Each structure stands twice: as structure tokens, then as C-alpha cells.
Amino acid sequence: MAFAVDSIAMTDLSIRRLADSTLLRSFVVVVLTIGFADPALAEDSAVDFAKDVAPILREHCLRCHRPGNAKGDLSIESEVQLIESDFVIPNDSQSSYLIELITAVDGEKPAMPAEGEPLSDQQVGTIRRWIDEGAKWPEGFRLRHQAKADANWWAFKPLQWNDADTIDTLIDEQLAKSDLSQNQPASRRVLIRRATYDLIGLPPTPAEIDAFVNDESPDAYEKLIDRLLQSHHYGERWGRHWLDVVRFGESNGFERNVIINDLWPFRDYVIASLNEDKPFDQLIREHIAGDVIAPNDPRVVIGSAFLVAGPYDDVGNQDPVQAAQIRANTIDEMIRSSSEAFMGLTMGCARCHDHKFDPITQEDYYSLYSTFAGTVHGSEVWASSEQRKERHDQVQPLNEQKAALERQLRELSESVLKRGNDNLSDYAKTWVRPPVDRTGTEERFDPIVAKFVRLVCVSQDTRPEISTGFNIDEFEIWSDEPNAQNVALASAGGKAFGNARRIEDFPDAYGPQLAIDGQTGARFIATSNDLTIELAEPTTINRVVFSSAKGESQPDQRKFAFVADYRVEVSSDREHWTVVASGDDRKVTPHDGEGGAKHRNHRLSIAAITDAEIQQRKDWQSQLHAVNRQLAAIPPLPRAWLGRHDAQKAKGPFHVFLGGSPQKHGDVVTTSSLAVMSNGPSDSSVEQASFGYSLESDSSESDRRLAFANWVTNSENALTLRVLANRLWHYHFGTGIVATPSDFGYMGQRPSHPKLLDFLAAKLRENHWQIKPMHKLIMMSPAYRQSSSFNPEAASVDSDDRLLWRFPPRRLSAEAIRDTMLQISGVWQRGSILQADAAADDSQSAVPAGGPGFRLYHFMQDNVCTYVPLDKHGPETYRRAVYHQNARASVIDLMTEFDQPDCAFGTPRRAVTTTPLQALTMLNHQFTLDMSVAMAKRLESESDQIDKQVDSAYQIAFNRLPEGEEKDDCVDFVKRNGLSAFCRAMLNASELIYIK
């Protein structure tokens, strides 16, 4: 009987839908009540939805049934759909479809959840009881995923530190827990090499090493740090680190990947800002809203180029749905870059749903979306108000003359056109034949002998005012004979001539040969107004056929631009031409975008103008050209890749995009700070000042960015301080206290030294966000100055050296490797950086290099761009690698092999790989060979004695003298193989590219 009752209970809705009997319905209700007695139903207390029901729905149902991913068109985020759709009928669980879906029948798996384990009998009973008690849903309650972390997450808490602490007491405290201790101090030669590479990315000179080693004053090391921090090379070294973080790249990426030639001022701004030790909170504010903070100061405005320094899709999809998605992707890139670089949060994960791990909601994400919504990529004028006024005063009178002449020419054209339209019927009488047909236009004429046939474009169909840019996919010339042949074909001996659109990597992609290859699809694209065909021999012809869209189903597209007015001419010597056909008597083309109006007006203007008017037009055009030449002689205002800020695009209201789709609008969002950090932690025992913001819906685009900038850099924002302090530690020791520098959330790694991180963040705040004092604080510590010697016992306890029982040895970055090779070879480009063999006190004090970058690739552009690595690097490339014009998705041999990252994304930490290609590239690339020769010449200029040359080579490359048998072996090698081969071996030594 129990089995029967259970079966009936499981199929109660099916029975109700089939039975009309009131008796049967009553029987079912009784049976169901008996069959589902369970402990939950026996309790006296009412079901608490938030405590008892919500966790069940959140775990088993919300993944599929939420806004933006409402399977079966059902979202359970609120009670609205559950009640309105009869999935839940308050006070009547027996009639609620939800119960049928989650209940098993005859031992079979229930319909829901579709994936994962079914609900237990107790969970089903809890939901049933909740319904029977009225399905009470707390007012304002929204069922959402519960993130793994909340407001009490360590990264969000206020800084906690002790003034009595130091870097080393905090490190020693952690080491002591594992019975470890720090190594002994490093030698002075090791220390100066380490510190110099660390701060300026270049090796110390022999003179600098000797001066430091022989300086017995107690502050010798401190003076070394101070000197390096004052070097302009400091900004070049640490600027490269920050450019990695903010995904600085000089092409737009995606399929076209077009080069950006005016973003270099942002790179120079970063370098200059670090050299002057600009407070980092100010730098961050300028990155977000520099154009708002000081709109007339180019030195500040350029900071906001950060927003548009990342990749973006510029294809320009005409489908509005796709265009909206591309725009959403563009804003998403800014959100991700900003949140990761400044706050160490992966806010992009909240684009489609609440963040599953961190306490970031979709509302938080789309609040930041509203902040950046008006930002558009592109170049803008980058000048001070004084520069703008000076140029305005120069160009205004000329622009007035230009406007007057243009008005006179326009009025003349309008007058002529009116006269032409008044006599339209007379002119149109001669337009009797059908208009040109892009799929095939035929001209017949009396038989004539020709060696050359020429199509002359008088006006192009999409732009009748010009005669270039037309396309021809096939041009056929037919012989006058019973079995006529297309004698234009290349296979018949024909040759085609004409100036064509040309691209470097595919020079014949649009060439005239395509017009006589007997195939359609590829087209000749003219840059002149003619196409000439040379026949194999003089031939009697009587017909030509030409097209631009033969066989195309949509020939009206602009890509099939064709002739509108034309002449067909023949010649026997290519000097004297005879017109055999023209399109003068054809009707106007419909392909000018205005249904033929532009073409008709063009014809009427030519027909109606008088000789006097032609002369008058020439005079005015001559004057206009003269004014334009004067305008062109005035230097334009400088421009930079600043982007622009479109108030219309920034106009609200802004919505949550359900499932991340711009086509599915959810709740309206306000522009406000991250809720979890603005409201403080839920743990009432933790005190935290509230520093959040919330703006009115009509706030301006500039106000939004400025509010965000000020919030991120608020002195109470412990997260930003921790992230920045961690980045400094990361670049000094190779790994951050938090090993995931741009992810301080639940999925990031926990800090190895939490107290130390807060100590450094507090010191950063005390130093008013200036990082040069932080460098000194870190580098003066015994932890930084200790030896990198290996200790097997310590390694067995802490193999990754996370506790810092020794200084972590590491390989140089790709840029530092290349810069080192240039420096020790003595070939720095003059005018940007002084020769490496200059006097010790001058070697690091040259005027900084800047301006447009150099390229280690050959750049080619058509619809898409191609970057081909250079096999040989000329002297124009002998500059610091930070000044290379890095394009996204480009390969640069030596740099790429040694893990220079692709700048399509921010790179908070670089990969360090060891591959055979690194050795092969270093050994065989022409750059290495050239540097070997240059280094040999440098050594020969210093001495003609091999033993001294070897000593010098060791000093400039390894910062030491050769030891033991090294020198004898090297001298013997030079005698047998030559000095250049020896220098090549030095450049390929591991010791050159590792610091310890």
C-alpha cells in the first residue's frame, strides 16, 4: 500500500489534469498528506525562507534560473515569476508545478534540477511546507549567488600594522615559524649589480663597481641607492613595469591590428612621472580623469590615455546588435584593466552574473560601465590653451578667406546646377540606353583593327565627381568572326596595364591582371582613370564586355564600385587613340547612394556650365589652393591617442545587461562605488570608515570618472594601497607578497606575509604615495641585501623561497637583456642615450630618450596589418627597448623568445621560460653577431693586448675579473677563433642574463 500511495503522490498533477471527480481530488490530497510526512513537517516553527529555502534554491536552481540565463523563461531571483507563472501557488503545494518538477516518480530522477543531484526528501518537504505556509518571500529579498568571499575578506579590511615593526622583523617572524633564518649579506660586487639592474635595468660600469667596492663609508650603499633613484634610467626601467600592468600597446589588436603612431606620449608621460616621483595616487587619478583634473595641461591630460591604451575592435560592424556587443566589449576591456591594475579585483567576472568568488555584483560592474560609457578610442588634439590660441590667431583669417572662396564656388555650382535642372528634359533626351550594369556592361561598335584597347573612366558610380577607384573583375574583348573569341584573356596572350591599389605583402592583390584572368571574385582596383589591354596581335574586334560584380547576388554593395561615365578607345601604337564607344547616352547610375541624383547632377553641371563660369571657377579654385597652401604651412597642433569623451554615449539611464547581453536590460543602476568596500565589513567588530560615493542619474561623464578616481585613491582605500605596495615588492623580489598581483580576490593567492604587506601599504600612505622612498626602504633592508646562496636544508622546507630565506636569483627581462647587449657593446644611439663607455659619473645621466618609438619589425598595412620581424637591426634601433613601438600580436625574435608579453592584456607578472629557441636566437640572430663585432671593436679600442681585452670583457659583462683558469682558456680561445667569436660567447653566457 505504501508503494501505491507514493506512486499516486508522485503523479498527483497528472491525475488532477485527467480527473474531473471531486472525490478523486480529495482522495489524492489525503494520500499526499500521509505520504509526505517527514521531520521538517512536524516542526512547530514556521519555515524561514532566507534561512531554510533560499540555500536550497541557490544551490540547485539559481545557476540555470536567473536573469540573463532564465531556462524555461523562469528566473527565481525574486518571487514574481514563481507566483505569476503558477510554479508556486501560495498555500497550495499540491497545485504548485514546482513540487512536481522536483519530486521523483517511481524511483526515476525528477525533472529538476536538470543537472546535478536531486533534492533530498527533506529539502522537497521544506519547500512544500514553505508553500503551504503562504510562500512568504521577504520584502526586497533577491536570491543571488553567495560569493565565497564577503566584506570580511582580508583585502578589504583596514590596514593593521605596528610602528615598531620593520621589514626584517616581519620576515624573520615568518622564517622562525619554520626554523629558518636569512642568508648572510651578499658581496658588494653582487649587491651593486643587483641594485643597478633592479632600479635602472642596466649593468653597472666597471668604474661604478670600483667606486662602490672601495667606498668604506658607512653610507656607501645608501648613496648608491640614492644615485640610482636619481638616474633618468630609473623611469625607463620602472615605467616598463607599469606599462606592462596597464596593457600599453601601440596597435589596436583584433583582426585589423592597425598601428597607433601617437600613443608614445603616454609612455613618455609614465617615465617622466616616475622620474619626478609623482605621487602614485595622483598618477592613478590622472589615468582615469586627467582630462578632467587639468584640461589645459597636456602633461596631465595625456595620463587619461590609459583608458584607450588597450585593444579595441574597429571593424565597424553595421549590424546594430553586433555593434552594441562590440561596444560592450570595449567598455568591458576598460573595466577589467582599471579594476585589475588599481584594485587587484577581477570585476570583469561580474559582467554576466554576480561574481561567484568575490563580493562583486552585476550592479557594481554596470556602475563602472556607466563611468566609462562615454570613452571612445581615437586621436585628439593634445595642446595647451596657449598653443590653441596661438594657432587659432594664425589660421582664423585664412579660414575666413577659405570659407568665402568655398561659398563662392558652392554658389556658382548651385547656380549652374539650377540652370541644368531647368533644362533637364533637353539634356535627358540623349540618355536613352540602360544605365551601366555592374554584372556586365556591353558595348558594340563597328569592326575595327586594334592592338590596344583602353577603358577610360570619366566618373565613378559611387562618387561621380571622381574618376578613380573603380573596380573591374573582367574586361572582355571579342573578335569579329563567326566563332568569336575573347582575345583579352591572358591565356590568349593578352596583357593588362593600369595603376592599381597596391599592398606591400600582396603586391598583385588588386592588379590589372585580374581583369583578364577569366575568373570573377578578385578585382582590379584602379588608382588612375584607365585600364589598358594589349592584345597578342592586331585583331579585328567589334565588342567589349566589362563588369565589377559578375555573378554576384548583391551587386549594389559599395565594394563593387564601377564606372558611371566612360569611353572605350582603341589604338595600334598606344599613342593615337580612337573612341569607339562611350556611356554618354546611358541613363544615370543608381549606385551613387542617392538613387542616381548625384550622377545626374554631375552630368547637368558639366553640360550647363558656360566658358566664363569655367574660367571663374578656375580663378577661385586657384585662390583656394593658395590659401590651403598657407594653411598647410602652419604647423598643426600636436595630437595624441587620448580618446574622446562622448556625452551622448554617456547619457543614461544605464541598466544591468542580463547575461551580459546589451539587448536584455535589467534593473537601472546608479553610478556608485563598489558596495562591499563602501559600506564596510559585515563583521561589526571591524571598524572601517565609509568613503563611498553615489551620483545622481544626471551626473556628467566627467563627474563619474573623477568620482571613481578619487574613490580608488582615497587614503582609506586599503585595497589600492596593498595592491601598489605588493607590486613594488614583486618587482624587487621577483614574486609579490601576494603572488597574484592583479587578483587579491578569493581565487588569488593569499599573502605570504600579511603583516608585512600592511606595513608596506601603511608606509606608502605615510610617504604620500611616493614610491622612491619605498624603493629605498625595501632595498636598505637586510632581506634585500642578503646572499642568494642556496641552502639545501632551507629549500627542503621552503622550496619556492616564499619565506625569503635567501634573495631569489632571477633572469633578466627581455628588455634588460637587449639593453645590456647594447650597453656593453658600446653602441647606444647618440642623441638619445650616452655611450656606455662614458665616464662613470656621466654614464647614467644622459638626456632621456623619448618621442616616437623604433620598430624591430617591418610594418605593412591593407585592410589588416602585418608585422614581419626584422632579420637585421640597424643603428636606428640601438635604443632602450622601452622605446620600441610594441604592436599587439607581433613577434620580435629575441624579445619574444625571452618572454616579452603580448600587450593585448595587462601583464602583472611575466612568465619566465627556458626553451631551445632562446639559445638558438641568442647564438645566431644577426643582432647578436652585430653586437659581438661592436663589442670586439670596443675592446680593441681600449687595448691591443688579449689578456687585457679578456679582463675588460669580464668586467663590463659579468662585473668581475676572470677567475682561475678562466682567463687562460679565454686568451687561448681568442687566439684560435678571434675576438668577435669570444665576444659572441660572452653574450651567450648565462652569467650575463642572470642576477643573484
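Some points on the overall build of the protein chain
Okay, so step 1: Along the protein chain, the regular secondary structure elements total 37 helices and 20 strands.
Okay, so step 2: Summarising its shape, the C-alpha atoms of the protein chain cover approximately 115 × 105 × 60 Å along the three principal directions.
Okay, so step 3: A burial count over the protein chain gives 51% of its 996 residues as buried.
Okay, so step 4: Across the protein chain, every contact between residues at least 6 apart in sequence was considered, and the portion connecting residues at least 24 apart equals 73%.
Okay, so step 5: In the structure as shown, the protein chain presents an accessible area of about 44900 Å², 51% of it carried by carbon and sulfur atoms.

Focus: the side chain of Glu-613
Okay, so step 1: You can see Glu-613 is positioned in helix α22 (residues 611–633).
Okay, so step 2: The buried category is assigned to Glu-613, whose relative accessible area is 13%.
Okay, so step 3: A distance of 2.5 Å separates the side chain of Glu-613 from the side chain of Arg-419, its partner in a polar contact.
Okay, so step 4: When neighbours within four sequence positions are excluded, Glu-613 is seen to be in contact with Leu-412, Val-416, Arg-419 and Ala-608.

Examining the packing of helix α19 (residues 385–422) against α22
Okay, so step 1: Viewed as axis vectors pointing N to C, α19 and α22 meet at an angle of 160°, and their least axial separation amounts to 10 Å. One way to sum up the angle between α19 and α22 is to call them roughly antiparallel. In the crossing of α19 with α22, the sense of the turn from one axis to the other is left-handed.
Okay, so step 2: When the residues that make up the contact of α19 with α22 are grouped by side-chain class, the tally is 10 nonpolar, seven polar and six charged.

Structural notes on the packing of aromatic side chains
Okay, so step 1: Overall, the coordinates contain 33 aromatic pairs when judged by the stated rule.
Okay, so step 2: Look at Trp-154 and Phe-744: their rings are 5.4 Å apart centre to centre, the planes differ by 35°, and that puts the pair in the tilted class. One end of the pair, Trp-154, is in the loop between α8 (121–132) and α9 (167–177); the other, Phe-744, is in the loop between α25 (718–733) and α26 (754–766), with 590 residues separating them in the sequence. This pair shows no difference in class: Trp-154 is buried, exactly as Phe-744 is.
Okay, so step 3: Relative to Phe-562, the ring of Phe-546 has its centre 5.8 Å away and its plane inclined at 45°; by these criteria the two rings are tilted. You can see Phe-546 sitting in strand β10 (residues 530–547) and its partner Phe-562 sitting in the loop between β10 and β11 (563–571), a full 16 residues away along the chain.
Okay, so step 4: What links up through ring pairs into an aromatic cluster is the set Trp-153, Trp-154, Phe-357, Phe-744 and Tyr-746.
Okay, so step 5: Across from the ring centre of Phe-306, 4.8 Å away, lies the NZ or CZ of Arg-247, which sits over that ring.

Topic: the nonpolar core
Okay, so step 1: Within the largest apolar cluster, 164 residues are counted, with the highest numbers of intra-cluster contacts made by Phe-266, Trp-729, Leu-760 and Phe-982.
Okay, so step 2: Examining the composition of this core, we find that 10 residues originate from one element, α25, more than from any other.
Okay, so step 3: With near-sequence residues (within four places) excluded, Leu-760 lies in contact with Ile-167, Ala-725, Trp-729, Ile-737, Met-774, Leu-777 and Ile-778.
Okay, so step 4: In this structure, Val-487, Ala-496, Ala-515 and Ala-581 belong to the second largest nonpolar core, which totals 30 residues.

With respect to the environment of Thr-330
Okay, so step 1: Along the chain, Thr-330 turns up in helix α17 (residues 320–343).
Okay, so step 2: The buried category is assigned to Thr-330, whose relative accessible area is 8%.
Okay, so step 3: Note: C-alpha distance between Thr-330 and Asp-893 (563 residues apart in sequence) is 30 Å.
Okay, so step 4: Those residues in contact with Thr-330 that sit more than four places away from it in its chain are Tyr-312 and His-377.

Quick word on the pairing of strand β19 (residues 865–869)
Okay, so step 1: Sheet topology places strand β18 (residues 857–861) next to β19; five bridges connect them, and they run antiparallel. Among the inter-strand pairings, His-858 is bridged to a residue of β19, identified as Val-868.
Okay, so step 2: Where β18 hands over to β19, the hairpin turn is made up of three residues, counted between the paired strands.

Focus: the pairing of β10
Okay, so step 1: Counted residue by residue, β10 has 14 buried out of 18 residues, so it is predominantly covered.
Okay, so step 2: Looking at chain direction, strand β5 (residues 441–460) and β10 are connected through 12 bridges and run antiparallel. In the strand pairing of β10, Phe-452 is matched with Glu-534.
Okay, so step 3: Across six bridges, the pairing between strand β7 (residues 474–479) and β10 is antiparallel. Note that in β10 the partner of Phe-475 across the bridge is Phe-546.
Okay, so step 4: Inspection of the sheet shows strand β8 (residues 495–497) paired to β10 by three bridges, in the antiparallel sense. Pairing of Ala-496 across the sheet is with Ile-533, part of β10.

Quick notes on unusual backbone geometry
Okay, so step 1: Residues Gly-652 and Pro-653 are joined by a peptide bond in cis, for which omega reads 5°.
Okay, so step 2: Take Pro-653: it is sitting in the loop between β14 (644–645) and β15 (654–657).
Okay, so step 3: Although it is not a glycine, Asp-801 sits at a positive phi angle of roughly 60°.
Okay, so step 4: The exposure class of Asp-801 is buried, given its relative accessible area of 8%.
Okay, so step 5: In this model, Leu-804 sits at a positive phi of 65°, which is unusual for a non-glycine residue.
Okay, so step 6: Assignment of secondary structure puts Leu-804 in the loop between α29 (792–797) and β17 (810–811).
Okay, so step 7: Judged by its relative accessible area of 5%, Leu-804 falls in the buried class.

Concerning the environment of Ser-781
Okay, so step 1: The topology assignment puts Ser-781 in the loop between α27 (772–779) and α28 (782–785).
Okay, so step 2: For Ser-781 and His-241, which are 540 residues apart along the polypeptide, the C-alpha to C-alpha distance reads 22 Å.
Okay, so step 3: In this structure Ser-781 touches Ile-167 and Asp-168, once residues within four positions along its chain are discounted.

Some points on the confidence of the model for the protein chain
Okay, so step 1: Confidence in the prediction of the protein chain, expressed as mean pLDDT, is 89, and 91% of residues score 70 or more.
Okay, so step 2: This model gives residues 1–42 a pLDDT under 50, and the stretch forms 43 contacts once residues within four places in sequence are excluded.
Okay, so step 3: Of the regions scoring below 50 in pLDDT, residues 680–689 engages in 16 contacts with residues more than four places distant in sequence or in other chains.

Thoughts on the side chain of Asp-281
Okay, so step 1: Considering the arrangement of structural elements, one finds Asp-281 in helix α15 (residues 280–293).
Okay, so step 2: Those residues within four positions of Asp-281 in sequence are excluded, and the remaining contacts are Thr-713, His-768 and Trp-769.

Description of the pattern of salt bridges
Okay, so step 1: With the rule as written, the count across this model stands at 50 salt bridges.
Okay, so step 2: When the shortest N-O distance is used, the salt bridge between Glu-286 and Lys-278 registers 2.9 Å. Grouping residues by exposure puts Glu-286 and Lys-278 together as buried.
Okay, so step 3: One salt bridge in this structure joins Asp-422 and Lys-418, with 3.3 Å as the shortest N-O distance. Of the two residues, Asp-422 and Lys-418 both sit in helix α19, four residues apart, roughly one turn of that helix. Side by side, Asp-422 and Lys-418 carry an identical accessibility label, which is exposed.

Structural notes on the packing of helix α30 (residues 814–825) against helix α33 (residues 926–942)
Okay, so step 1: Packing of α30 against α33 leaves a shortest axis separation of 8 Å and a crossing angle of 30°. The angle between α30 and α33 places the two elements in the roughly parallel class. In this structure, α30 contributes Arg-818, Met-821, Leu-822, Gln-823, Ile-824 and Ser-825 to the contact, and α33 contributes Phe-927, Thr-928, Met-931, Ala-934, Met-935 and Arg-938.
Okay, so step 2: Here the residues of the contact of α30 with α33 are counted per class, giving seven nonpolar, three polar and two charged.

Digging into the environment of Arg-879
Okay, so step 1: Counting through the fold element by element, Arg-879 comes out in the loop between β19 and α31 (894–897).
Okay, so step 2: On the basis of relative accessibility, which here comes to 9%, the residue Arg-879 falls in the buried class.
Okay, so step 3: Linking Arg-879 and Gly-850, residues 29 residues apart in sequence, is a C-alpha distance of 9.7 Å.
Okay, so step 4: Polar side-chain contacts of Arg-879 include one of 3.0 Å to the backbone oxygen of Gly-850.

How each quantity is defined
- Residues numbered from 1 in each chain as written.
- Predicted model: local features only at pLDDT ≥ 70, side-chain atom pairs only at ≥ 80, totals over all residues.
- Heavy atoms only, no water.
- Helix = DSSP H or I, 4+ residues; strand = E, 2+ residues; numbered from the N terminus.
- Buried < 20%, exposed > 50% of the residue type's maximum accessible area, 1.4 Å probe, protein only.
- Contact = heavy atoms within 4.5 Å.
- Areas by Shrake-Rupley, 256 points an atom, 1.4 Å probe, with all protein chains shown as cover.
- Polar contact = N/O pair within 3.5 Å; in protein donor to acceptor, adjacent residues only side chain to side chain.
- Axes fitted to C-alpha atoms, helices over the stretch in contact; angles between N-to-C directions.
- Parallel < 35°, antiparallel > 145°, perpendicular 65-115°, else oblique.
- Left-handed = near helix turned anticlockwise from the far one by under 90°.
- Nonpolar A, V, L, I, M, F, W, Y, C, P; charged D, E, K, R; others polar.
- Phe/Tyr/Trp six-rings, centres within 6.5 Å; stacked < 30°, edge-to-face > 60°.
- Lys NZ or Arg CZ within 6 Å of the ring centre and 35° of its normal.
- Core = buried A, V, L, I, M, F, W, Y, C linked by side-chain atoms within 4.5 Å.
- Pairing = 2+ DSSP bridges.
- pLDDT = per-residue confidence, 0-100.
- Salt bridge = Lys/Arg side-chain N within 4 Å of Asp/Glu carboxyl O.

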